[in-house]
Amino acid sequence: MIRAAGAVALAAVCFLAIAAAFFLLIGKPPLQMLGTMVLYAFGDGYSLSETLVKATPILLCALAIIVPARLGLISVGADGQLYIGALAGTAVMLAGTAARGWWLLPAVLLGAMAGGALWGGVAGVLKARIGVNETISTLLLNYIGVLLVNHFVYGTWRDPANLGWPSTIPFPPEATVPSLFGTRVHAGFLIALVGVAAGHAWLVRSRFGVELRVLRENRKVGDMVGLDYARNAIVTMAIGGAIAGIAGICEASAIQGRLQPGLSLGYGLTGFLVAWLSGHSFVWAAPISVLIGGLIAAGDALQLYAKVPAASATVLQGLLFATALAVAGVARRQGARNG
Amino acid sequence: MAEWAALAWFAAMLRSATPLLLVLLGETLTQRSGIINLGVEGQMLVGAVVGFAVAATIGGPLVALVAGGGAGLLLSLVHALLCLGFRANQMGSGIAVWILGLGISSYYGRSFVGAKVTTFAPVLGVSPVIWSAILLVPLAGWWLYRTRPGLVWRAVGESVDNAHALGIRPRGVQLQAILVGGVLSGLGGAVLSVDYTQTWANEITKGRGLVAVGLVIVARWNPFLALPTALFFGFFEAAVLRLQAVGLEVSSYLLACLPYAACLAVLIAVHLSARHASYMPEGLRGVFDAERRI
Amino acid sequence: MIQLRGVVKAFGPVRAVDGVDLEIRPGQTLALLGENGAGKSTLMKLLYGVYPPDAGTIEIDGRACALSSPAAAIAQGIGMVFQHFTLVPALSVRENLLLTWPRTRWLLDRHHQSMLASLTALAPALDPSQLVAQLSVGERQLVELARVLNIDARCVILDEPTAVLTPLETDRLYGLIRPLVAEGRAVVLITHKLADVTACADRVVVMRQGRIVDAAPAGERSSDQLVRAMIGESQALEGDPLPPSGRTRLVVRGLTAGGARDIGFELAAGEVLGVAGVAGNGQQALAEALAGVLAPTAGDAVLDGRSILRRAGRGAIDPRVAYIPEQPRDNGVAGALSTTVNLALRRLSAMPAFPDWSREADAARTLMRRFDVRPADPRLAADALSGGNLQKLVLAREFSGAPELAVACYPTMGLDVAATGAVHRCLLDLAGHGACVVWFSEDLDELRHVAHRIAVMRDGRIVGVLPRDLASRHELGRLMAGPSARVA
């Protein structure tokens, strides 16, 4: 426990040093920059809400990665699952938009979950039955997912009333994920927290969670005692996909108001980073998502107010990931050496 | 006239395939030493942006390509440091490098969006870069199978422990392999922006580097097979443009799915035949099969 | 002339080598004798530069040497043939030799005749363009030896070379060692078998728990003295197996799976069938088929009227069967998980959705005490256990369900005498209660001691079954090498 805390502290210190070096490199005063970022992320009510707005899809995508990771699958497909989930949910919305009712929102959510589950499940099937590496297949499926959404948004679903920018018709209120306290933060954040709790309860102490761990550690032994790797691979990938699908439909309905290109701003990749940083733990994914969400929200604000390109947030994420990997590697070697 | 059309199609195929061929060759050689590098996508991106920046400011496509290769080399050092120095997980490290490449290329490329550069004059109808890339294939293959350093690389890829017991320094070899992959992927990116599209756009590589990592399996980790594999992908890419030009009534976005779907389909076919496993360097098995903790 | 002085090597709290002074002289064969875990391999690996010593010096021809890597050791003329070979299976024999040939050119096209000279001397029938993966274990060892001779090794270290050889191949190896010594080289033979010492050693050094406890010319020590030095007291042979009750319980007919073909035999209640034969002749496939891990393509195995085989790879293995796989660290446990979980593995699918882990932990502690697993800590990760304790953990799990059939694969490989005795007691105990035991082992002496009958496998088939009193090393060796003969 203490060793883990020490490793985290070391990683944080190293990252801050490297981030400071990055700021120096681009010609900005490092301490001031870091302070400004913290302000833009958590400084006032508006900043906090923007941070949570970003944190929601990131956390959902992180969950989408953590569930299959319990089985040892390294999926990077949250983006593609997000897109296809949004696609499916939008399809439900378009079909039911004429006959509106209270049932529209649950139907849209279920549709999104189904779409995401399908996209994740495909990669699961390819891995389980054919042996195609899931990292590669999910990466390819990401690109296909984005293109499929573009196809519909530029094509048959295009809203004729919106001449300047391709998008669907706006989501009616009955199909929109409700907002919390009138801010931009929406119920998706609550769904994500429920996901964290459910994931932790279901996959950590339960028999199912232990079965996944056994299969992850030693597939042969798991097979011997009757555990089905193939079925579990498909199930975990599908569940992860469904969660990412929720992220997609929330972004489309609540944040952007319509399905349009550029639905995800790299949330899938950021979710992967969060999943890794949290050590694939459900509980830790939540606070880390908020931190990284703050980083990205601050990056956006920096671009608006300080003329620092938003791409610097991406660079910082990369530096953070690299630092965490390095420290984790060192900690693991120390641990092995000390027995 | 039909011959001209076919030739034009073939030329388009070659042009599409060349950036991918360079990355594929680089990643094949890297994986031969037992290291997988998903970061080639990021390396391609920095190669593309640096190459383009050099071509747009200083001018001269040759200098630009060299600069691109150098940029790829530098970024690959991160992967080498993480995997070999800190013993980090290879998949995670590759993605970290990819994210870094995305960020850096976005950051420095923003002032170059939409700019244009000029490239080499064509030799025998296509850019001389393409001929050079094609020449690299038998060169790499001959080096891997017929020289002592190539033999050492293959031994390291099969078993790091055995190589160490035989008196080889495996980490030195793997470092070289990652750096070679870095130069080639950076070069591939520079070729993409400077020679092929002659422009810069954000995320210009569109996943070509990641596709290359998948295609290494299809090419059976054999540099000689990198050429037909890259041509296969180039075929689909060229088909996307040609079919649109012909006026095919299919959305350009669906067509754009073709290369990725084709790559996935070929991967599935290769795995179904189950022969790929015998060609895989043993050192990669821990990364791909994931039956052990990574 | 190599001199090791005061050499120490520790792995964590365990001192594998604890202050060793050793002299290796040219023109002699030195047998480094000791049981598993005594530190012999570690000592020689220090000499070969695999890791540096924590203390002490190594002198070669009077000069102190820091052997920082195998490359440095090779440069000093030290060559080692490992127990688990260092050949690269995916490459050809020629390519493997080229890797360590000091005069390899940059371009590999030359035929390097002088490089192949040692190989042709040792194994004239071997085609150098073959892939190592296609060679038998004995042939691979010869390639390894050629590799060592190619570097003109002045000191040749052989680590447990006869462990994986048939009696015929063992004799051939002894014959190869003598000319090496005659050429003035030093040969170090790491072994735990007395037969190796008597066959070719000039000097014998006995190690126990990291220290040298005896050193003398080979002729001056009797087998009994050597055994006592190895294990510290006279070896108490574990109890003989009880005679079987005569009621046939296990019937195997025409079983074909993987490398095993058309296997047939019958076992009575309480009978122990030993299966001998060099690894790679179908034993693993047969063991896995009997255990229910591998689905067979033909034939059947019926225990008390019900088949124990698993078709189509679905569901768990038959609860009546206990499976002790070889290399339990890789094949028998989920290493990073706790001993509690590992002990509960066979029952996992039947447990409730949210099991009571504290009750499981208590049960685990009791079970581990019963089978003498140390430390009996329910929260310890399984792979933190030593080899012997890990094997006992697997036994505890498999035997806690009172099985009717035990399939044990090389259960004592790599274990010291105490752990070996515990495993023998366990399995013989089970047989004493009327269960059937199929015991795979490469140690002919072990099988002759514990089994009622010994079957020999070659090329995937059972080529002979001998009752205990007729199963001499000579007879068994003949079956392993020669044509089939059915005796029992």
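Source: prediction; values computed, not measured.

Chemist: It is not clear to me how the overall build of chain C should be interpreted in this structure. Could you clarify?
Modeler: A count of helices and strands for chain C gives 16 helices and 20 strands. Oriented by its inertia axes, the alpha-carbon framework of chain C measures out at about 65 × 50 × 50 Å. Counting the 488 residues in chain C, one finds 49% classified as buried. The contacts of chain C with a sequence gap of at least 6 include a subset with a gap of at least 24, amounting to 67%.

Chemist: How should the domain arrangement of chain C be read in this particular structure?
Modeler: Many analyses report the size of an interface as the accessible area lost when the parts associate. All names here are of chain C. When the domains of chain C are assigned, the result is domain 1 (2-231) and domain 2 (248-481). Using only C-alpha atoms to locate each centre, domain 1 and domain 2 end up separated by 32 Å. Listed by partner, the interface residues are eleven residues for domain 1 and twelve residues for domain 2. Here the side of domain 1 that touches domain 2 is composed, by residue class, of seven nonpolar, three polar and one charged.

Chemist: Explain the interface of chain A and chain B to me, please; I cannot follow it from the model alone.
Modeler: Contacts between chain A and chain B engage 41 residues on the former and 42 residues on the latter. Those elements that provide at least two residues to the side of chain A that touches chain B are helix H5 (104-130), helix H6 (134-154), helix H11 (267-277) and helix H13 (311-337) of chain A. Here the element with the most residues in the side of chain A that touches chain B is H13 of chain A; it accounts for 15 residues. Looking at side-chain class alone, the side of chain A that touches chain B contains 24 nonpolar, 13 polar and four charged residues.

Chemist: Any chance you could explain the nonpolar core here in plain terms?
Modeler: In a soluble, globular protein the nonpolar side chains are often hidden away together inside. In this structure, Val 188, Val 407 and Trp 439 of chain C are the most contacted members of the largest nonpolar core, which totals 389 residues. It is helix H10 (residues 229-255) of chain A that provides the largest number of residues to this core, a total of 16 residues. Non-local contacts of Val 407 of chain C, meaning those with residues more than four positions away in its chain, are made with Ala 287, Leu 290, Ala 291, Val 321, Tyr 323, Ile 324 and Val 438 of chain C.

Chemist: Hey, could you run me through the sheet that holds strand E1 (residues 2-11) of chain C in this one?
Modeler: Sheet strands pair via backbone hydrogen bonds, and the direction of the pair is either parallel or antiparallel. Residue and element names in this part refer to chain C. Strand order in the open sheet made by the four strands is E2-E1-E4-E5, with antiparallel pairing throughout. Edge strands, defined here as strands with exactly one partner in the open sheet, are strand E2 (14-24) and strand E5 (63-64). As defined by bridge partners, E1 adjoins strand E4 (residues 55-60) across five bridges and the pair is classed as antiparallel. Among the inter-strand pairings, Arg 5 is bridged to a residue of E4, identified as Thr 57. Sitting on the sheet, helix H1 (residues 40-47) touches E1, E2 and E4, and the angle it makes with E1 is about 115°.

Chemist: Mind showing me how you'd approach the packing of helix H4 (residues 78-96) of chain A against H5 of chain A here?
Modeler: Packed helices, taken two at a time, are described by their axes: the angle between them and the distance between them. H5 of chain A packs onto H4 of chain A with a crossing angle of 145° between their chain directions and a minimal axis gap of 7 Å. Our pair here, H4 of chain A against H5 of chain A, has a crossing hand that is right-handed.

Chemist: How do you make sense of helix H10 (residues 223-246) of chain B when you look at a structure like this?
Modeler: Here H10 of chain B spans 35 Å end to end across 24 residues, near enough to the 34 Å set by a 1.5 Å rise per residue. Within the span of H10 of chain B, buried status applies to Pro 223, Ala 226, Leu 227, Thr 229, Ala 230, Phe 233, Gly 234, Phe 235, Phe 236, Glu 237, Ala 238 and Val 240 of chain B.

Chemist: How should I be thinking about the environment of Gly 432 of chain C in this particular structure?
Modeler: All names here are of chain C. Secondary-structure assignment places Gly 432 in helix H14 (residues 417-432). Gly 432 gets classed as partly exposed once you count the C-beta atoms within 10 Å, which come to 13. Expressed as a C-alpha distance, the spacing of Gly 432 and Trp 106, which sit 326 residues apart in the sequence, is 64 Å. Leaving out residues up to four positions away in the same chain, Gly 432 has contacts with Leu 242 and Gly 270.

Chemist: Can you walk me through the sheet that holds strand E15 (residues 306-307) of chain C in this structure?
Modeler: All names here are of chain C. Strand order in this open sheet of four strands is E12-E11-E14-E15, and the pairing throughout is antiparallel. Here the strands that pair on one side only, and so sit at the sheet edges, are strand E12 (260-268) and E15. Packing against the sheet, helix H9 (residues 283-291) makes contact with strand E11 (248-257), E12 and strand E14 (298-303), and its axis sits at approximately 55° to E12.

Chemist: Just to check I follow, could you spell out the environment of Leu 193 of chain A for this structure?
Modeler: Take Leu 193 of chain A: it is sitting in helix H7 (residues 188-203). Note: C-alpha distance between Leu 193 of chain A and Pro 309 of chain A (116 residues apart in sequence) is 31 Å.

Chemist: I tried to follow the confidence of the model for chain C on my own but got confused; where do I start?
Modeler: Low pLDDT marks stretches whose predicted atomic positions should not be read closely. Overall, the prediction assigns chain C a mean pLDDT of 85, with 95% of residues at 70 or greater. Segment residues 484-488 of chain C: pLDDT under 50, and 14 contacts once partners within four positions in sequence are set aside and those in other chains are kept.

Chemist: Sorry if this is basic, but what is going on with the interface of chain B and chain C here?
Modeler: Each partner contributes to the interface: chain B provides 16 residues, whereas chain C provides 20 residues. Sorting the residues of the side of chain B that touches chain C by element identifies helix H6 (148-158) and helix H7 (160-165) of chain B as the ones contributing at least two each. No other element matches H6 of chain B, which puts six residues into the side of chain B that touches chain C. For the side of chain B that touches chain C, the class distribution of residues is five nonpolar, five polar and six charged.

How each quantity is defined
Residues numbered from 1 in each chain as written. Chains lettered and ligands numbered in written order. Predicted model: local features only at pLDDT ≥ 70, side-chain atom pairs only at ≥ 80, totals over all residues. Helix = DSSP H or I, 4+ residues; strand = E, 2+ residues; numbered from the N terminus. Buried ≥ 20, exposed ≤ 12 C-beta atoms within 10 Å, placed from the backbone. Contact = placed C-beta atoms within 7 Å. Domains from an automatic or database assignment. Nonpolar A, V, L, I, M, F, W, Y, C, P; charged D, E, K, R; others polar. Core = buried A, V, L, I, M, F, W, Y, C linked by C-beta atoms within 7 Å. Pairing = 2+ DSSP bridges. Axes fitted to C-alpha atoms, helices over the stretch in contact; angles between N-to-C directions. Left-handed = near helix turned anticlockwise from the far one by under 90°. Expected span 1.5 Å × (residues − 1). pLDDT = per-residue confidence, 0-100.

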